[in-house]
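# Residue-level structure breakdown
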Amino acid sequence: MSTSISMRRVYVWQLPVRLYHWINALCILVLAATGYLIGNPFALQNSAEAYLGYWFGTVRFIHFAFAFLFFFNFVYRIYFGFVGNRFAKWGNFIPHKKEQFAEMLQVLKIDILQTAQAPLKAIGHNSLAGVTYFITFLIFLFQSITGFGMYAAMSNSWFPSLFAWIVPLMGGDAYVRVWHHLMMWFFIIFAMIHVYLVFYHDYVEGRGTISSMGGGWKFIEKERLEKDVTH
Amino acid sequence: MSEHLPTMWEEIRARGYSRRDFLKFCAWTAAFLGLESSGIGQIVHAMETKTRLPVIWLHGQECTCCSESFIRTSHPIVGDIILDHISLDYTETLQAASGFQAEKCLHDTMTKYKGKYILCFEGSIPTGNDGVYCCIAGKTMESILEETAADAKAIIAWGNCATYGCIQAAKPNPTEAKPVQKLISGKPIINVPGCPPIAEVMAGTILYMLTFDRIPALDGQGRPKTFYSRRVHDTCYRRPNYDAGLFVETFDDENAKKGYCLYKVGCRGPVTYNSCAIMKWNNGVSYPIQSGHGCLGCSELNFWDNGPFYQHLASFPGFGIESTADDIGIAIGVATATGIAAHAVSTNIRKRKLVKKEVDVSRIKNIEKEGGNQDA
Ligand code: HEM
Ligand code: SF4
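None of these values were measured; they are calculated from a predicted model. (Residues numbered from 1 in each chain as written. Chains lettered and ligands numbered in written order. Predicted model: local features only at pLDDT ≥ 70, side-chain atom pairs only at ≥ 80, totals over all residues. Heavy atoms only, no water.)

## Considerations on the overall build of chain B
Just so we agree on the cut-off: Helix numbers and strand numbers start at the N terminus; a helix is a DSSP run of H or I with at least 4 residues, a strand a run of E with at least 2. Taken over C-alpha atoms, the radius of gyration is set against a globule rule of 2.2 Å times the number of residues to the power 0.38. When accessible area is computed with a 1.4 Å probe and restricted to protein chains, residues below 20% of their type maximum are described as buried, those above 50% as exposed, and intermediate ones as partly exposed. Contacts are assigned to residue pairs that have any heavy atoms within 4.5 Å of one another. Calculation of accessible area relied on Shrake-Rupley with a 1.4 Å probe; when residues are assessed, cover is drawn exclusively from the protein chains displayed. Counted charges follow a simple rule, with Lys and Arg positive, Asp and Glu negative, and His plus the chain ends left uncounted. The atoms used to mark charge sites are NZ of Lys, CZ of Arg, CG of Asp and CD of Glu.
Helix and strand counts for chain B stand at 17 helices and nine strands. Here chain B has a C-alpha radius of gyration of 30 Å; the compact-globule value for 376 residues is 21 Å, and the former is much larger. The C-alpha extent of chain B, read off along each of the three principal axes, is 115 × 55 × 50 Å. Per-residue burial over chain B gives 52% buried out of 376 residues. If you take every contact in chain B between residues at least 6 apart in sequence, the share linking residues at least 24 apart comes to 72%. As presented, chain B carries roughly 17,200 Å² of accessible surface, and 56% of it is formed by carbon and sulfur atoms. The average position of the 39 basic charges and that of the 40 acidic charges among the side chains of chain B differ by 8 Å.

## Details of the site of ligand 2
Under the convention used in this document: The criterion for a residue being near a molecule or strand is simple. One of its heavy atoms has to lie within 4 Å of it. Side-chain classes follow a simple rule in which Ala, Val, Leu, Ile, Met, Phe, Trp, Tyr, Cys and Pro form the nonpolar group, Asp, Glu, Lys and Arg form the charged group, and the remainder, Gly included, forms the polar group.
Within the structure, ligand 2 sits among His233(B), Cys236(B), Arg238(B), Arg239(B), Tyr242(B), Cys261(B), Leu262(B), Tyr263(B), Cys267(B), Gly269(B), Pro270(B) and Ile289(B). Per-class residue counts for the shell around ligand 2 are eight nonpolar, two polar and two charged.

## Concerning the environment of Ser127(A)
Mapped onto the fold, Ser127(A) is located in helix 4 (residues 127-152). For Ser127(A) and Asn92(A), which are 35 residues apart along the polypeptide, the C-alpha to C-alpha distance reads 6.7 Å.

## Structural notes on the interface of chain B and chain A
The criterion, for reference: When two components associate, each loses some accessible surface as probed by a 1.4 Å sphere; the sum of these losses over both components is called the buried area. What counts as a salt bridge is simple: a side-chain nitrogen of Lys or Arg found within 4 Å of a carboxyl oxygen of Asp or Glu. Residues adjacent in sequence count toward polar contacts only when both atoms are side-chain atoms; beyond that, a polar contact is any pair of N or O atoms within 3.5 Å, and within protein one must be able to donate a hydrogen and the other to accept it.
Chain B puts 63 residues into the contact, and the matching count from chain A is 67 residues. With both sides pooled, the region where chain B packs onto chain A buries about 5,500 Å², and carbon together with sulfur makes up 58% of that total. At the boundary of chain B and chain A, one finds one salt bridge. For the pair chain B and chain A, the number of links is 17 residue pairs in polar contact (both at pLDDT 80 or more). Mapped onto the side of chain B that touches chain A, the elements with two or more residues apiece are helix 13 (239-243), helix 14 (254-258), helix 16 (325-350) and helix 17 (352-364) of chain B.

## Some words on a nonpolar patch on the surface
Residue and element names in this part refer to chain A. Applicable threshold: In this analysis, a patch consists of residues with relative accessible area above 30% that form no salt bridge, clustered at 9 Å for like charges and at 5 Å for the nonpolar side chains Val, Leu, Ile, Met, Phe, Trp and Tyr.
A grouping of Tyr76, Tyr79, Phe82 and Val83 is seen on the molecular surface, where their side chains present a nonpolar patch of about 440 Å² in accessible area. Mapped onto the elements, valine 83 comes out in helix 2 (residues 55-83). For valine 83, a relative accessible area of 46% puts it in the partly exposed group.

## Comments concerning the site of ligand 1
Lining the immediate surroundings of ligand 1 are 28 residues, of which Arg60(A), His63(A), Arg177(A), His180(A) and His181(A) lie closest. What surrounds ligand 1 is not a single chain but chains A and B. Here a nitrogen atom of ligand 1 and a side-chain polar atom of His63(A) are 2.7 Å apart. Within the side chain of His312(B), one N or O atom sits 2.9 Å away from an oxygen atom of ligand 1. Every element with two or more residues in the shell around ligand 1 is listed here: helix 1 (15-39), helix 2, helix 4 and helix 7 (173-205) of chain A. Counting residues per element, the shell around ligand 1 draws most heavily on helix 1 of chain A, at seven residues. Taken together, the residues of the shell around ligand 1 break down into 17 nonpolar, nine polar and two charged.

## A look at the nonpolar core
All names here are of chain B. As a reminder of what qualifies: What we call a nonpolar core is a set of buried Ala, Val, Leu, Ile, Met, Phe, Trp, Tyr and Cys residues that are connected through their side-chain atoms within 4.5 Å.
Membership of the largest hydrophobic core comes to 59 residues, with the highest contact counts inside it found for Met47, Phe70, Ile156 and Trp158. With nine residues, helix 10 (residues 199-212) is the largest single contributor of residues to this core. Look past the residues within four positions of isoleucine 156 in its chain and what remains in contact with it is Ile118, Leu119, Cys120, Phe121, Ile190, Val192, Thr205, Ile206 and Met209. By size, the runner-up hydrophobic cluster in this structure holds 24 residues, among which are Met110, Met141, Ile155 and Val180.

## Some points on the sheet that holds strand 1 (residues 55-59) of chain B
Two orientations exist for strands paired in a sheet by backbone hydrogen bonds: parallel and antiparallel. Short version of the rule: In this description, strands pair whenever DSSP reports at least two bridges between them.
Strands sit in the order 2-1-3-7-9 (chain B) across an open sheet of five strands; the sheet is parallel. The strands lining the two open edges of the sheet, one partner per strand, are strand 2 (90-91) and strand 9 (189-192) of chain B.

## Observations concerning the domain arrangement of chain B
Residue and element names in this part refer to chain B. This is how it is decided: An automatic or database domain assignment provides the domain bounds reported here.
Domain annotation of chain B identifies domain 1 (8-228), domain 2 (229-335) and domain 3 (344-376). Its C-alpha centre places domain 1 at a distance of 30 Å from the equivalent point of domain 2. Taken together, the contact pairs 24 residues of domain 1 with 17 residues of domain 2. Taking both sides of the interface into account, the surface hidden between domain 1 and domain 2 amounts to around 1,700 Å²; carbon and sulfur atoms contribute 59%. Looking at the side of domain 1 facing domain 2, the largest losses of area belong to Tyr164, Ile198 and Tyr228, adding up to 32% of the total buried there. Connecting domain 1 to domain 2 are one salt bridge. Linking glutamate 300 and arginine 223 is a salt bridge whose minimum nitrogen-to-oxygen distance equals 3.8 Å. Inspection of the region where domain 1 meets domain 2 yields five residue pairs in polar contact (both at pLDDT 80 or more). Sorting elements by how many residues they give to the side of domain 1 that touches domain 2 places helix 11 (residues 225-228) first, with four residues. For the side of domain 1 that touches domain 2, the residue count by class is 13 nonpolar, six polar and five charged.

If you want it as structure tokens, here you go:
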């Protein structure tokens, strides 16, 4: 294989997917930062009177505002998983074909064991990434349910009260809070690994993984596209 | 039966209370129940026309703090009328009768008012070792509860014990203590949690049932909505400090003296549903937060196990006593970062050839002309 590698560009991530991705990233960043502050507010030793400040209230307000954005952005992505292109479809996230499981094994070999392997077939998400994202979707859901469940107690609006059932189910607000707080770490650790792996794949495969979430294009080996147009 | 049962108003009058006292009492009750002003008239009417419902008050595994709280309600009529009569029907700690006589009282009440009496239950019920940990007259508490609950009109579960099991049910729960709602089904159960519940909450709940002869509006966990629909935090007078981010850091700091919010020293107000901040305790004198101590969350499930009390979040179940979610998160985060660093190094060793080859190739040959794309 010392001949040339010719790449073709493929439009993988449609605009709604890209928008979703970056809104989501922003929301998670803001929610994790404000959430962390809610759990661990600064120690201020000052002689202020309460009426002079509202910073903690503002932090919470930002958390709640971004929580709504996060949730509806997520709902939109669920919808787009039905109407988007083949890379955006739900089938990518829920493994249901033999090849998908085989590919998961292959990815593990390439990424973790780093044994020499044929390059990955996948153009969009590889199957392992797909399942991982599916798990994150479940965590998004969990975080939204627990978040709005807690929020129901401080709101008169009908929307958060749709989630109030989670509180007795988990044994009271204290439990909901601890789990909601713990899950923040899932987001942080996920983000660390996610960003690293994007850089890793970009570096090792040279397919433009990093920029694909910007412009939507990936660069795929020409032979690969000719051999396998269905994947 | 021809026996004339006096109405509640008649009983109150017989005790020497004036009409004025009686009306004040009705207004007091209506206020605590959160009724609109027309509710006062309804209470007056109910008291004038209805006979008092019979009450059986049982004590399981408990410390009697619920009863202690109840006898301190701020209105004397509650104690004089309700308690005196309860003690006539049956209650272990206050009744004059003892031994066989007491048992007879219980059975008389149960047969005479079959399906009409209210069963108040204070304490939890041990179920381990066939229930030997709490027996009265040779019967286990569980069987006594089942027997009395069978013909009760409704059950009031007093306190955290009867609602959630409280300290007896805290880990490791040696007596396998259970609350009423885990053992009885098919009867209306009104949960009045708290350790103890506020006197006025207890009085309000029972007076509502006695006067209106119906169950107060309950939330999803069977608690009277009037008293348990708001968090302590939502009505706390230190709340402006919370919103302004002014927190007590330690109990002996300057901020504590200034009365800042107790959130960071473990206040459970944000996760606790109760009326302490509104009704307060001991005739409205104070409540824990007002005296400088955070809320312990005594009206919530498993509050004893959600410690340490002086830390914002409970320690995480299954990990060390003081490990918070953050400690666990940081540990996993550090492990992840280490893993990533190791992986990056090994990538450059093991995939070096592959990457180098591709770099070389791309240097020599230009990438072929772009193809079309498939989806656009
Ligand atoms: C990426 C997603 C999210 C992360 C990482 C996150 C993180 C956190 C953290 C760490 C806390 C502090 C818990 C504590 O120690 O007391 C918190 C509190 C909270 N979060 Fe989130 N959260 C997220 C999404 C949401 C969503 C979608 C909602 C929905 C409304 C929400 C609502 C809340 C509420 C109500 C609180 C309690 C605030 C208070 O009592 O002042 N969160 N969040
Ligand atoms: S003292 Fe407790 S209940 Fe009061 S505002 Fe602070 S956290 Fe909330």
